[in-house]
Amino acid sequence: MTDTSEMPEGPDNPEPVRDEEAFHIPDDLARALTEFAAVEQLSRGEAICLVLREYLRAKGYLKGAATA
């Protein structure tokens, strides 16, 4: 479940750089995320954003009203 997209080489980027979203989600988390997204009727990306938003809000890193 790893996104292997890379930024192309260029004058400002001499070596390929992994995109920020290129990270590995362990299998147990991927299964839980898939189940969560299905139950909540969300896309995988929406589910990831929801989980991150709520976690960051609970930890005090994200302020303001919740957005849909």
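Residues numbered from 1 in each chain as written. Predicted model: local features only at pLDDT ≥ 70, side-chain atom pairs only at ≥ 80, totals over all residues. Heavy atoms only, no water.

So, on to the confidence of the model for the protein chain. Considering every residue of the protein chain, the mean pLDDT works out to 80; 63% of them sit at 70 or more. Considering each helix and strand of the protein chain separately, the mean pLDDT is smallest for strand E1 (residues 6-7), with a value of 51, and largest for helix H1 (residues 27-40), with 97. Contacts of residues 1-5 to residues separated by more than four positions or lying in other chains number 13 contacts, the stretch itself having pLDDT below 50. (pLDDT = per-residue confidence, 0-100. Helix = DSSP H or I, 4+ residues; strand = E, 2+ residues; numbered from the N terminus. Contact = heavy atoms within 4.5 Å.)

A cluster of nonpolar side chains, namely Leu52, Tyr55, Leu56, Tyr61 and Leu62, defines an oily patch on the protein surface of about 520 Å² accessible area. Within the fold, Tyr61 resides in the segment after helix H2 (44-58). (Patch = residues over 30% accessible without salt bridge, like charges linked within 9 Å, V, L, I, M, F, W, Y side chains within 5 Å. Areas by Shrake-Rupley, 256 points an atom, 1.4 Å probe, with all protein chains shown as cover. Salt bridge = Lys/Arg side-chain N within 4 Å of Asp/Glu carboxyl O.)

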